[in-house]
There are 2 protein chains.
Amino acid sequence: MSLLVTGSIGIDTVETPFGKRENVIGGSAVYFSYAASFFAPVRLVGVVGEDCPGPLLHALQGRDIDTHGLEIRRGSRTFRWHGSYVQNMNDAVTVEVDLNVLAERAAKIPENFRDSKYVFLANTHPKIQQETLVALHGPKLIVADTMNLWISTQRPELEKLLKKVHGLVLNDGEARLLTDTDNLIAAARRVLSMGPHFVVIKKGEHGCLMVSQNDTFVLPAFPADTVVDPTGAGDSFAGGMMGYLATQGSFSPSTVKRALAFGTVVASFTIADFSLDGLKAATRHAIDERWHQFKQAMIF
Amino acid sequence: MSLLVTGSIGIDTVETPFGKRENVIGGSAVYFSYAASFFAPVRLVGVVGEDCPGPLLHALQGRDIDTHGLEIRRGSRTFRWHGSYVQNMNDAVTVEVDLNVLAERAAKIPENFRDSKYVFLANTHPKIQQETLVALHGPKLIVADTMNLWISTQRPELEKLLKKVHGLVLNDGEARLLTDTDNLIAAARRVLSMGPHFVVIKKGEHGCLMVSQNDTFVLPAFPADTVVDPTGAGDSFAGGMMGYLATQGSFSPSTVKRALAFGTVVASFTIADFSLDGLKAATRHAIDERWHQFKQAMIF
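How each quantity is defined
Residues numbered from 1 in each chain as written. Chains lettered and ligands numbered in written order. Predicted model: local features only at pLDDT ≥ 70, side-chain atom pairs only at ≥ 80, totals over all residues. Heavy atoms only, no water. Axes fitted to C-alpha atoms, helices over the stretch in contact; angles between N-to-C directions. Helix = DSSP H or I, 4+ residues; strand = E, 2+ residues; numbered from the N terminus. Parallel < 35°, antiparallel > 145°, perpendicular 65-115°, else oblique. Left-handed = near helix turned anticlockwise from the far one by under 90°. Contact = heavy atoms within 4.5 Å. Nonpolar A, V, L, I, M, F, W, Y, C, P; charged D, E, K, R; others polar. pLDDT = per-residue confidence, 0-100. Buried < 20%, exposed > 50% of the residue type's maximum accessible area, 1.4 Å probe, protein only. Least-squares fit on C-alpha atoms with pLDDT ≥ 70 in both. Pairing = 2+ DSSP bridges. Buried area = accessible area lost by both parts, 1.4 Å probe. Salt bridge = Lys/Arg side-chain N within 4 Å of Asp/Glu carboxyl O.

As a further point, take the packing of helix 8 (residues 233-248) of chain B against helix 9 (residues 253-270) of chain B. Residues and elements named next belong to chain B. Orientation of helix 8 relative to helix 9, taken along the N-to-C sense of each, is 140°, at an axis distance of 7 Å. Comparing their axes, helix 9 and helix 8 come out oblique. For the crossing formed where helix 8 meets helix 9, the hand is right-handed. Residues Ala233, Ser236, Phe237, Gly240, Met241, Tyr244, Leu245 and Gln248 of helix 8 form the contact with helix 9, whose own contacting residues are Thr255, Val256, Arg258, Ala259, Leu260, Phe262, Gly263, Thr264, Val266, Ala267 and Thr270. By residue class, the composition of the contact of helix 8 with helix 9 is eleven nonpolar, seven polar and one charged.

Structure representation (C-alpha cells):
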C-alpha cells in the first residue's frame, strides 16, 4: 500500500574512526526512502535548495521511489549537517549544522500523494509535521519521529502532534527527555498516555523496544562487529519497519514484531558503510536472508 | 551435577531512588548461590569475619546450598560495600568499600567439594581465582567473572587465569577496558583470543551477548518497568545460567542460549527488590513461567 515519507534531505559531512566523507547525500527522508523501497513503493516529500548538486540525488534513481514530491527551491540552500562519531559511535557530535531550507516552509505534498495510507513523518519541526497531516486524506497509519531539539523547545506543538499520530519512533535519550523518566519501559508507557497507540524506542547498538497498550516487545540489534558510519541507522530502521508494514495491511502484534526485525536488519546494512553505500550494497534477498538468520538466532 | 561457587559474601548498604537498606546481605557468591539454587544444588565457598551477624546468613537457609565451605574467620572482619544508584540505576557509585577478609587468603575448599564439575569463580583477585582452580579435580566447566579493578591492576594474573577457564562473564565496560575495543562483538572476539572458549558480556538493562568460536547470541533484558535495586543482577544472571547448565550436562548452542535466558529471567527477579528480597519472592515455577513468556516474546 502507498507509503509516504516527509523529512529532511541533506548534504552531510561525516567523520568516524573509519574516515571522513564530505558532502555526501543524507537526511532522514533519504535514508528512510531508500530503506523502505526494498519493501514497497515510496512517495518522497522533501525540499532541497538550488545549491544541491544533481548527482547527489541520483542515489535515489533506479529505486521504487516517487520523487515528484521532491522540491528544488529557488533561492534557498540545502540542509547541511557535519557530524563526528570519532569519540563515540553511539552518539554523533554535531560539528556544524545549517538548517537552511528546513527552517522555511514545508514541502508541498503533490495532489496524487494525498491518498497515502501509510505515512512517516521523519524528524522535523512538529508544526510542519502537523501541516503535512492536514494535507492527507485519511491515512491508515501515521508514525512520527522527533528529536531533542523539538522536545526541549517546541513541547506544546509536539504534544499536539502526539495526539494525531498512531505511533512514535524516538531514541532512548529522547524518550527519557520527553517523559522525564529514566526506565525506558516506564518512559514508553508515559508516551502512550500522550496519545500514540504504540511507541518504538531505538537504542542504537542495544536494539529497540516497542510498547503498546497490550504488548511489550524487545529486540537486540543485529550483532555487527564493524560499524563504519551509524548515520541514518534510525531512519533506515523506520524505513524497513514501515516498508514492511505497508506490504501487510495489518498491525497484529506478530506483524509489528516482524516489522521491527526488518527495521533492525535493514539498519545493520546502513551502518556497514558511509552514507547510502551500505544500503546500496544490500538487496531484498540479502535482507531476507539476514532476517531469517536474526529470527533463528532469537529462538532458544 | 555438582556446582561450586566461590566469591564474596558481604554486608551491603545500598541506596537507590526507592530507598536505602543498611547492613543487608550481599556479595557475589551469595547472589549467585541463591539464584543457582533454583536449578541445582550449590556448594558455596567463601569467608566472612567474626563480626558477621548470624541472622544475615540465615538468608541462605532452606535453600539447596551446602554451606560447609563458608568459613567464619576469627579475628577478621567481613567485606563491606556501600553503594549508591541514586544518580544512575545502571552503574553503582561506591560510597565506601572495606575489603577486610577479602584482602586476606582465599577460603579453603572442603575436601568433599573438590570433585565439583561446574565451577563459577565469582569476582575476586585473579590470583585467588587461580588458587581455587588448583584445589579442584577435573572440573568440566569453569567460568570466571572479573572487574575493572583487576583488569587495571592485575592484568598479568588475569591473563594467566583466562588461559585456564572455559568461559568469562563480564560487563560491557569491563569488556571494553580489557580489550581496548569499543565495539562489543569485536571486544568479545578479542577475549576469545585470550583463552576462554566463550564470553558473556552483561549489558544491564540492555541484556547480554554471548560469543564463542562458532556462535554469536544476543538477548535483550527482560523488560522491567520497575527496578528497585540492581545490586546482584549480574551475579544472579550468572547463577541462573550456571545453575541451568549444571542440570543439562551439555554445552550445545541451544542449551547455552536457554541458560542465558534463564540467567536473564532470574536477574529480573533480583532487581525487583532490595538485597535478596527479590529472589526470595521468586519460585522455580514463577521463573519457568517468566522464561516461557520471555521465549514467546522473542519469537517473531
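A separate point is the confidence of the model for chain A. Looking at chain A as a whole, its pLDDT mean stands at 94, while 100% of the residues score no less than 70. Element-level pLDDT for chain A is lowest in helix 2 (residues 54-57) of chain A, with a mean of 89, against a maximum mean of 98 in strand 8 (residues 118-121) of chain A.

Before going further, it helps to spend a moment on the side chain of glutamine 130 of chain B. Residue and element names in this part refer to chain B. Summarising the element assignment, glutamine 130 is placed in helix 3 (residues 126-134). Since its relative accessible area comes to 8%, glutamine 130 is described here as buried. Among all residues touching glutamine 130, those that are not within four sequence positions of it are Glu157, Lys160, Leu161 and Lys164.

Moving on, we get to the relation of the copies chain B and chain A. Superposing chain B onto chain A takes a rotation of 180° plus a shift of 0.0 Å along the axis, which leaves an RMSD of 0.0 Å. Between the two chains, the operation in question is that of a two-fold axis. Both copies share a contact surface, since 100% of the interface residues of chain B are interface residues in chain A too.

All names here are of chain B. Strands sit in the order 3-2-6-7 across an open sheet of four strands; the sheet is mixed. Bordering the open sheet on either side are strand 3 (19-26) and strand 7 (93-98), each of which pairs with just one other strand. Adjacent strand axes in the sheet meet at a mean angle of 15° when their direction is disregarded. Pairing geometry for strand 6 (residues 79-84) and strand 7, over five bridges, is antiparallel. Following the sheet pairing, histidine 82 is matched in strand 7 by glutamate 96.

Looking now at the interface of chain B and chain A. Listed per partner, the contact involves 32 residues of chain B and 32 residues of chain A. Buried area between chain B and chain A, both sides added, is near 2,600 Å², and the carbon and sulfur share of it is 60%. Counting the surface chain B buries against chain A, the share from its top three residues, His206, Asp225 and Phe300 of chain B, is 30%. Linking chain B with chain A are four salt bridges. Residue glutamate 205 of chain A is joined to arginine 176 of chain B by a salt bridge in which the shortest nitrogen-to-oxygen separation is 3.1 Å.

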